[in-house]
Amino acid sequence: MKRLPVLSLLLWLCAVYFVGLYLFVGGFLLVRLEVNRTSTCGDVLQPGDEPADFCRAEPRFRKVVLLIIDALKIDFARFDPNNTEPRPYENKLPVLEETVSSRPLHSRLYPFRADPPTTTMQRIKGFTTGSLPTFVDVGNNFASSAILEDNLIHQFGQVGRRVVFMGDDTWENLFPKKFHRSLPFPSFNVKDLHTVDNGILQHLYTTMVGDDWDVLVAHFLGVDHCGHRFGPDHPAMADKLAQMDEVIRSVIDRLQNDTLLVVMGDHGMTDTGDHGGESQKETDAAIFLYSPSPLFPGPPSQSEPDVVPQTDLVPTLALLLGVPIPYSSVGQVLLPVFPPHEQTQGAVGGFSQLEALWINAKQVNRFLETYSSMAKDISPESLSKLKEEFSHLSSEYLTMVREGRSSSPQLAASLQAYLTSVRDTCRTTWAQFNPTKMAAGLAVLALACLTCFILSELSLVLISETGPGLKAPAMVALTAGVCVAAGQLLTQGYIDVVWCLAAAALCSELLFLRWARQSRTITVAKNGSKKFASWLSLRHLLVPPLLVPLLRCASLLSDSYVIAEGRVVTFLVFSLALYIPIHLNWDGLLLPPSHDPLKPAGLLPAAALPPSTVRKESSTLLACLGLLVGSLYLSLSFHGCREEQGYCRPSPFLSPLSRLQDAQLKNLHYILSVFSLGLWTYLLRRCLRHYGNLNSSGGTVFTARWILPLLSVCLGLHWAVSATPEDSFRNLAELISVGQLALPRTAFLLLGLGLFLIWLDPLTVFVKTRTATTARNSSLPPPSYRASTGISPQAELHHLIPQIYQRMRRSLDDGELSGGNEVDSRPAVEAYGLGTVYSAPLLLFCGLLGIGLLLLHPEGMAVSFLLLLLEMGALLHIHASSTTLSGLHGTHSSGFIVPWTPVMLWSLAATQFFHATGHLPTFPSIQWSAAFVGFPDGHTGTVLPASLVTLNTFASHILFAVSCPLLLFWPLVCEVRGSRGSRACGEEGEDAVMEMRLRENPQQFSSALLQLSTRYLFILGAQVFASVCAAAILRRHLMVWKVFAPKLMFEASGFLVSSVSLLIGVTLVMRVDVAVGRWFKKLIPDASR
């Protein structure tokens, strides 16, 4: 087998795809230019030409207590006295409503709307800087870096205010060395409901009664973690909210008159306790303002805002506490907390409504001027209009101040409208699309798809001795990259690696396409026909297996399709699978040919398969089709729900057992999960035993016999321990905590050991040598080396390779037969499991990997994973049976070509089970709990948790990509079901030799493996290219950041993971091939391979 050419071509293809994705994503994702300037106390923001120290003015409040209750959605804060049967999250914070009702001049409760993405780091950045986030910010939630923009924490420190922080350690990463005193607690473990909150409560009240603080920030995480772990509709949420109610009451009792209290949530949560997206349930938090001294000029009125944007907190707090508004803030002051102009006469400290609006408008206009001089992404028309509007308002306000006229409500409304216009303009245009990078990425990806398709059709030519190889493309790519780098150094003085990679990828692709065109021309000239180029004809391209991905790619331009993709892909799998028997029946291959007595016998073609075999294969195909349909139908029960699907109810299996309150239902789910896990293990071992792969003593067999069942036992025990409530067995609490740590880590260790042993010793062949005595008692025919798939007599009858191919026999024989004694003295060898020598380790590798990936999912997903295994088996047997039945045509090629239909089905099944394991192409659907399996106390870095979440999210992509070579092996494995003399290699009348056929044709084996891999890559690449096109075409669409951009990110990530997984699967096949070659050399010292 030609391992290096196959692997190098696949690596090159993956590399050009990666470069194209990197280019496009770099030009597409929103990146806002940060203005690295800060506001100072000397800024002239008030009327008058003389500079004044803004910070020397008497502030309205000297101190502020900022209580952040993570994920405090507005529904949690409201109180309905008429609700006699509240849910666990309802009516649990009565202190807010009681205070607002009894002290209307001192307090208010508002909905507090966040800008997406609704992740904690971005929200902290939003309500401390007053700026708007960009889409790419969501990726930074794993690794929070310091905020460089001007912010409230910096301004407090600049004027000497002592900021004391306690709670979520994200603040410590965002504001390093900015606090007078800080008490951070680990925040990433979503299963820990109490560590952060209890740590805050140990210091909160003692800090408040002390005098070493001016700003106190306390960030509670219990409510958010309870939502992630149990969901909002759980008794644990009621306990957490009740605790927060007591905290707020205690803080109110300790406040002084010059202190402002702000209780707020950074974001909301969905009905399943998740957040990160832009649905109203995720964006609408609550904000509660209170002070012992009157805070509002009057009771609530109709003019008060219905919703307060989070960015408005920044200028409001800045002006109430007498510090400059952060430079980059685009927020608008909350007008009700400032008194009207006529009520400020004689008041101590603070600004009137009109003064606050003017200072706010002048600060925003200053930022707009600075930003527009640095970046050109705001349209000149909008910028000119905003500048003209501010100039008019400035003239009107200064005239009013000079003339001493009373404030005008119209002027206040105009200033508010101006501030709203600036924020809306920034929100709609704050994006730096790089059209050049996007176009280059599209070009590289388009050529990569075309190259991949052509390479799949020319795989035999590329593997041949006269194939071009990769030397020329590599040299051209290197030369192009160096030339671009040199040009950049000469013209710009620095090297942008992105464009070097783009030039290298494009040149290597164009060179390959040029070679493909020349090869086609030469072949057509030699043959005098266009047979070689037939794959480029429309008749060849417009077939159902290729039309399905084409239609799916076109559908990615529709947001309705993306939203409903899970069910649509399920339908496509069913339709394409149904096409196989229909197509066979259309060609008259599904049933045995009927004998027509009117036709002479000599005119009838010889049947390639006997009628009994045809009937058996047809029955197998239809039975597997039924199993496939059943698996598809049941898999719909495990889908999650997008927030756009209001009618949808998420699967109960998506919730961990710890969330279930009904003990009987919890036990039923656990039994079902354990049964599915046990059946998964049994089916794998049963398959390996059936083909005689459990008879040897190698590492792979040891893994199948011991590590596989031990891993299943560890997983079942881990589920039991994780489902146990914390307060159920107080005496065993320590043992349970040890189990939550030890069991999954033991499972990880067993998984790693098993995969390593399979890689180290992949052979599952058992050799049995018979002595001369046995040979004498045997029949007279010459000795043969048998490769049986089973060790029992019954298995030898049904799964026996009577002769290994002729070259092996010739190399074993010591010449022609010269007498009976020589015959009797020669040993006879039986090699059990040799017929499935390639597929057995790959199957076990995927089965073991599947259990490891199941460990990262909720327990209920065990049933879905079992359906995945059954669907894989059904697809493989449908493919094998259709291949056998197609042999009736007599057109089967000995090149082991895998048609497009099973490859397309395999790819669709990966996407289908992405949805059937509860995943969606949305950020709120990411199962973050996977990061803490085996690590309940959290992580010190970000690489490991990110890797665990990635493995969880793309589990189906990994399993189907790694197991993709099974599509090549399975028709050979299953050919023992019937005689295929017409396809047998070797002597006439020889029985099927299963996967040993691949050893006889190393060049065709390499070609078939390369063709299968490139076809799978082409389908994946076409899907990514379609997502890229959708994002580029619809980049100004209303739903781009809600639907199309997340879909692009998930498709791109899925492609990267699938490509790496496919390379792992192909490399494992090559590793087995090396081991088989060594085995033959050991068995036959003078063998040539």
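- Per an unreviewed UniProt entry, the protein chain carries the name GPI ethanolamine phosphate transferase 3, catalytic subunit and comes from Labrus bergylta.
- If you open the UniProt record of the protein chain and go to Pathway (unreviewed entry), you find "Glycolipid biosynthesis; glycosylphosphatidylinositol-anchor biosynthesis."
- According to its UniProt record, the protein chain has this under Subcellular location (unreviewed entry): "Endoplasmic reticulum membrane".

1. A few points about the overall build of the protein chain
Step number 1: Across its full length, the protein chain holds 40 helices and 10 strands.
Step number 2: Here the protein chain holds 1089 residues, and 57% of them are scored as buried.
Step number 3: If you take every contact in the protein chain between residues at least 6 apart in sequence, the share linking residues at least 24 apart comes to 80%.
Step number 4: Approximately 45,000 Å² of the protein chain is accessible, and the part contributed by carbon and sulfur atoms is 59%.

2. Topic: helix α18 (residues 471-491)
Step number 1: End to end, α18 covers 30 Å across 21 residues, agreeing with the expected 30 Å (1.5 Å per residue, within 8%).
Step number 2: Of all the positions in α18, only Pro473, Ala477, Ala480, Gly481, Ala485 and Gln488 are classed as buried. Along the axis of α18, the buried positions cluster into a sector of 130°, meaning they face one direction only. Facing away from the buried side of α18, by more than 90 degrees, are the exposed residues Lys471, Met475, Leu478, Val482, Cys483 and Leu490.
Step number 3: Gly493 sits one or two residues past α18 and shows a positive phi near 85°.

3. Quick notes on the sheet that holds strand β3 (residues 163-168)
Step number 1: As summarised here, the arrangement of the eight strands in space is β4-β3-β5-β1-β6-β7-β2-β8, forming an open sheet in which the pairing is mixed. The sheet is open, and its two edges are formed by β4 (181-185) and β8 (308-309), each paired on a single side.
Step number 2: Strand direction decides the pairing type here: β3 and strand β5 (residues 215-220), joined by five bridges, are parallel. The partner of Gly167 across the bridge, within β5, is His219.
Step number 3: Along the sheet, helix α10 (residues 235-253) makes contact with β1 (63-69), β5, β6 (259-264) and β7 (284-290), crossing β1 at roughly 175°.

4. Here we look at the environment of Gly1021
Step number 1: For Gly1021, the location among the structural elements is in helix α39 (residues 1002-1033).
Step number 2: Taking the relative accessible area as the measure of exposure, Gly1021 reaches 0% and is therefore buried.
Step number 3: Spatially, the C-alpha atom of Gly1021 lies 9.4 Å from that of Glu1051, the residues being 30 residues apart in sequence.
Step number 4: Once residues lying within four places of it in the same chain are set aside, the contact partners of Gly1021 are Tyr17, Cys449 and Phe1055.

5. Overview of the nonpolar core
Step number 1: The biggest cluster of nonpolar side chains holds 197 residues, and the ones touching the most others in it are Phe28, Trp906, Phe960, Leu968 and Tyr1016.
Step number 2: Here this core takes 20 residues from helix α40 (residues 1040-1083), the largest share from any one element.
Step number 3: The residues contacting Tyr1016, other than those within four sequence positions of it, are Val903, Trp906, Ser907, Ala910, Phe960, Ala961, Cys964 and Leu1062.
Step number 4: If you look at the next biggest cluster of nonpolar residues, it comprises 74 residues, including Ala285, Leu334, Tyr371 and Ile378.

6. Digging into the pattern of salt bridges
Step number 1: Per the stated rule, a full pass over the model turns up 21 salt bridges.
Step number 2: Close ionic contact of Glu565 with Arg552 constitutes a salt bridge, the shortest N to O distance being 2.7 Å. One end of the pair, Glu565, is in helix α23 (residues 565-586); the other, Arg552, is in helix α21 (residues 544-555), and 13 residues separate them in sequence.
Step number 3: Arg552 sits in the buried class, given a relative accessible area of 3%.
Step number 4: Connected via shared salt-bridge partners are Arg552, Glu565, Lys1047 and Glu1051.

7. Structural notes on the packing of α23 against helix α24 (residues 611-635)
Step number 1: Two elements in contact, α23 and α24, have axes whose closest approach is 10 Å; the angle formed by their N-to-C orientations is 170°. Classed by the angle they form, the pair α23 and α24 counts as roughly antiparallel. Residue-level inspection shows Thr570, Val573, Phe574, Ala577, Leu578, Ile580, Pro581 and Leu584 of α23 in contact with α24, the latter providing Leu621, Leu622, Leu625, Leu628, Val629 and Leu632.
Step number 2: For the contact of α23 with α24, the per-class residue count stands at 13 nonpolar, one polar and no charged.

8. Some words on the side chain of Thr316
Step number 1: When you line up the elements, Thr316 lands in helix α12 (residues 313-321).
Step number 2: What makes Thr316 buried here is its relative accessible area of 4%.

9. A look at the packing of aromatic side chains
Step number 1: Per the counting criterion, the structure on display carries 30 aromatic pairs.
Step number 2: On the numbers, 5.6 Å between centres and 35° between planes, the contact of Phe390 with Tyr418 is tilted. Of this pair, Phe390 sits in helix α14 (residues 380-403) while Tyr418 is found in helix α15 (residues 409-429), placing the two residues 28 residues apart along the sequence.
Step number 3: The buried category is assigned to Phe390, whose relative accessible area is 10%.
Step number 4: With relative accessibility at 0%, the residue Tyr418 sits in the buried group.
Step number 5: With centroids separated by 6.3 Å and ring planes inclined at 50°, the aromatic side chains of Phe954 and Phe1050 adopt a geometry described as tilted. A residue pair is termed long-range when its members are at least 10 positions apart, and Phe954 in the loop between α35 (943-953) and α36 (955-962) and Phe1050 in helix α40 qualify at 96 residues.
Step number 6: Cation over ring: Arg254 sits above Tyr205, and NZ or CZ is 4.4 Å from the ring centre.

10. Focus: the pairing of β7
Step number 1: Most of β7 is tucked away, with seven of its seven residues classed as buried.
Step number 2: As defined by bridge partners, strand β2 (residues 107-113) adjoins β7 across seven bridges and the pair is classed as antiparallel. In the strand pairing of β7, Tyr110 is matched with Ile287.
Step number 3: One ladder, built from four bridges, connects β6 with β7; its direction is antiparallel. By the bridge assignment for β7, Met264 is matched with Ile287.

11. Some words on the state of the cysteines
Step number 1: The full count for this structure, using the stated rule, is one disulfide.
Step number 2: Between the sulfur atoms of Cys641 and its disulfide partner Cys648 the distance amounts to 1.9 Å. Sign of the S-S torsion, about -65° for the bond between Cys641 and Cys648, identifies this disulfide as left-handed.
Step number 3: In this structure Cys641 comes out as partly exposed when scored by relative accessible area, which is 22%.
Step number 4: Residue Cys1029 stays outside any disulfide, its sulfur separated by 8.8 Å from that of Cys449, the closest cysteine.

12. Re the side chain of Asp1073
Step number 1: As for its position among the elements, Asp1073 is in helix α40.
Step number 2: For Asp1073, a relative accessible area of 3% puts it in the buried group.
Step number 3: Separated by 2.8 Å, the side chains of Asp1073 and Arg3 make a polar contact.

13. Section: unusual backbone geometry
With the exception of glycine, the majority of residues adopt a negative phi angle, and the majority of peptide bonds are in the trans configuration.
Step number 1: Residue Ala71 is not a glycine yet carries a positive backbone phi of 65°.
Step number 2: Tracing the sequence through the fold places Ala71 in the loop between β1 and α2 (74-77).
Step number 3: With a relative accessible area of 0%, Ala71 lands in the buried category.
Step number 4: A positive phi angle is found at Asn91, which is not glycine, with a value near 60°.
Step number 5: For Asn91, the location among the structural elements is in the loop between α2 and α3 (94-102).

14. Quick word on the environment of Trp900
Step number 1: Relative to the helices and strands, Trp900 is located in helix α34 (residues 900-916).
Step number 2: Relative accessible area serves as the criterion here: at 8%, Trp900 is assigned to the buried category.
Step number 3: Each C-alpha atom of the pair Trp900 and Leu546 lies 7.3 Å from the other, and the pair is 354 residues apart in sequence.
Step number 4: Among residues more than four places away in sequence, those in contact with Trp900 are Phe453, Ser456, Glu457, Pro545, Leu546, Arg1015, Phe1018 and Ile1019.

15. Re the packing of α21 against α34
Step number 1: Following both chains from N to C, one finds α21 and α34 inclined at 35°, their axes separated by 8 Å at the closest point. Two secondary-structure elements touch here, α21 through Pro545, Leu546, Val548, Pro549 and Arg552 and α34 through Trp900, Thr901, Met904, Leu908 and Thr911.
Step number 2: Among the residues making up the contact of α21 with α34, the classes are represented as seven nonpolar, two polar and one charged.

16. Considering a nonpolar patch on the surface
Step number 1: Nonpolar side chains collect at one region of the surface, where Tyr22, Leu489, Ile495, Val497 and Leu501 lie side by side and expose about 470 Å² of accessible area between them.
Step number 2: Its location among the elements puts Val497 in helix α19 (residues 497-527).

Each value, and the rule that gives it
Residues numbered from 1 in each chain as written. Predicted model: local features only at pLDDT ≥ 70, side-chain atom pairs only at ≥ 80, totals over all residues. Heavy atoms only, no water. UniProt positions renumbered as here; feature names shortened; annotations may be inferred. Helix = DSSP H or I, 4+ residues; strand = E, 2+ residues; numbered from the N terminus. Buried < 20%, exposed > 50% of the residue type's maximum accessible area, 1.4 Å probe, protein only. Contact = heavy atoms within 4.5 Å. Areas by Shrake-Rupley, 256 points an atom, 1.4 Å probe, with all protein chains shown as cover. Expected span 1.5 Å × (residues − 1). Arc of directions from axis to C-beta. Pairing = 2+ DSSP bridges. Axes fitted to C-alpha atoms, helices over the stretch in contact; angles between N-to-C directions. Core = buried A, V, L, I, M, F, W, Y, C linked by side-chain atoms within 4.5 Å. Salt bridge = Lys/Arg side-chain N within 4 Å of Asp/Glu carboxyl O. Parallel < 35°, antiparallel > 145°, perpendicular 65-115°, else oblique. Nonpolar A, V, L, I, M, F, W, Y, C, P; charged D, E, K, R; others polar. Phe/Tyr/Trp six-rings, centres within 6.5 Å; stacked < 30°, edge-to-face > 60°. Lys NZ or Arg CZ within 6 Å of the ring centre and 35° of its normal. Disulfide = S-S within 2.5 Å. Polar contact = N/O pair within 3.5 Å; in protein donor to acceptor, adjacent residues only side chain to side chain. Patch = residues over 30% accessible without salt bridge, like charges linked within 9 Å, V, L, I, M, F, W, Y side chains within 5 Å.

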